[in-house]
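# A structural walkthrough
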Amino acid sequence: MAKKTAAEKAAKTKKSTKKPSNILVTGGAGFIGSNLVLTLQAQHPEAGITVIDDFRSGDFKNLIGFKGDVVAKDVSRMDFSSQFGKRRFDAIFHLASITDTTLHDQKQQVHDNVEGFRNVLEFARPAKTPIVYASSAATYGIVSGVNTESDPPLPANVYAFSKVVLDNLARMYAARSRAWKIVGVRYFNVYGPREAHKGIPASMIWHLSQQIKAGKNPRIFKRGEQLRDFIYVKDAVKNTILALGAPSSGVYNTGSGQARTFNDLIEILNRTLGTKRATEYFDNPHKHYQNHTEADLARSRKELGYEPDYSLEKGVEDYMNWLKSQER
Ligand SMILES: NC(=O)c1ccc[n+]([C@@H]2O[C@H](COP(=O)([O-])OP(=O)(O)OC[C@H]3O[C@@H](n4cnc5c(N)ncnc54)[C@H](O)[C@@H]3O)[C@@H](O)[C@H]2O)c1
């Protein structure tokens, strides 16, 4: 008999994953979390979905149309047992996190991000509830080039450090039980609907589109040739859901697999918005700056069957159409 290809094995794993009927999403009022919640609701209309979010950066407007339950608590301080009693979930997506990378309060970043994850792990441990959690490409640090999951972590700020600790914890808990799946999705630069609430930490695509729409020239660091792996939120959500069917615990790059320049991005925005705004370049104040991020997608493709649906051109077009629909 012919050997099964990796893609066939991935498809089999996905098929054998039982449909979740009780789903917990932390950080569900945030950017990626709300897109995930609304997609899960559309894919599993019969499922009960519970969101935990303390709204420190999230916004209720992101959850308009959501039919499930919302617990407004801090995951790093809440008591999961008294909140949920004996109730168990079929799957947990853990996205709650401080996401402002410029917040340099080391104790707060590490406490809230790490203890939040530890609480989720402890809650999930008895039933070995599968967990998909948000890791970050920031764990790779400012090393330029293609980033592979096996690269050593080199966090350049405390936010990235907290995400490295999440990856460490996931590995430690998973090592205790092979039957328990704890899977990290390492997001690159995510952009798309429902990110406006983030303010400064929102994507460059959001900020540049707002500058152009306000009749201003888009402003970027000299000379706009720095490369980024921009991933549309619909693809980020797609790989987050696929991660539930991972063959075992591990971390998966979640990017577009394409590195594009900021100059490319402005050209695409001008074309999509029907404008011709000239780019204003200014000196980069950062001494250490990431010049190139790019996700190696080999593991996600092979083990999860992931293939991005959105090029930068297609994602920007979809996003700008969505923003226009919101203006009505
Ligand atoms: N957006 C990106 O480009 C990107 C890149 C890499 C990693 N990530 C990760 O993806 C996840 C989602 O990020 P996002 O872009 O949607 O950001 P976001 O700020 O919109 O979402 C985070 C959500 O978590 C909530 N939250 C924060 N701390 C909490 C706590 N202790 N208890 C309860 N709720 C809490 C916030 O209120 C918010 O709704 C985060 O874990 C983030 O670190 C995002």
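Right above here is the structure, for reference.
All values derive from a computational prediction rather than experimental measurement.

## Regarding the pattern of salt bridges
- Tallied over the entire structure, the rule returns 17 salt bridges.
- The salt bridge partner of Asp167 is Arg186, with a shortest N-O separation of 2.7 Å. Placement of Asp167 in helix 5 (residues 158-176) and of Arg186 in strand 7 (residues 182-187) is noted, with a sequence separation of 19 residues between them.
- Residue Asp167 is classed as buried on the basis of its relative accessible area of 6%.
- Arg186 sits in the buried class, given a relative accessible area of 7%.
- Overlapping salt bridges, with partners in common, bring together Asp54, Arg56, Asp74, Arg77 and Asp112 in one network.

## Quick notes on the site of the ligand
- Asp53, Ser57, Thr99, Tyr159 and Lys198 are the nearest of the 29 residues found near the ligand.
- In this structure, an oxygen atom belonging to the ligand sits 2.6 Å away from a side-chain N or O atom of Tyr159.
- When isolated, the ligand has an accessible area of 820 Å², and the protein chains bury 96% of it.
- Secondary structure elements with two or more residues in the shell around the ligand: helix 2 (31-43), strand 5 (131-136) and helix 5.
- At three residues, strand 5 tops the list of elements feeding residues into the shell around the ligand.
- Across the shell around the ligand, the residue classes tally to 13 nonpolar, nine polar and seven charged.

Cut-offs used in this document
- Residues numbered from 1 in each chain as written.
- Predicted model: local features only at pLDDT ≥ 70, side-chain atom pairs only at ≥ 80, totals over all residues.
- Heavy atoms only, no water.
- Salt bridge = Lys/Arg side-chain N within 4 Å of Asp/Glu carboxyl O.
- Helix = DSSP H or I, 4+ residues; strand = E, 2+ residues; numbered from the N terminus.
- Buried < 20%, exposed > 50% of the residue type's maximum accessible area, 1.4 Å probe, protein only.
- Near = heavy atom within 4 Å.
- Polar contact = N/O pair within 3.5 Å; in protein donor to acceptor, adjacent residues only side chain to side chain.
- Areas by Shrake-Rupley, 256 points an atom, 1.4 Å probe, with all protein chains shown as cover.
- Nonpolar A, V, L, I, M, F, W, Y, C, P; charged D, E, K, R; others polar.

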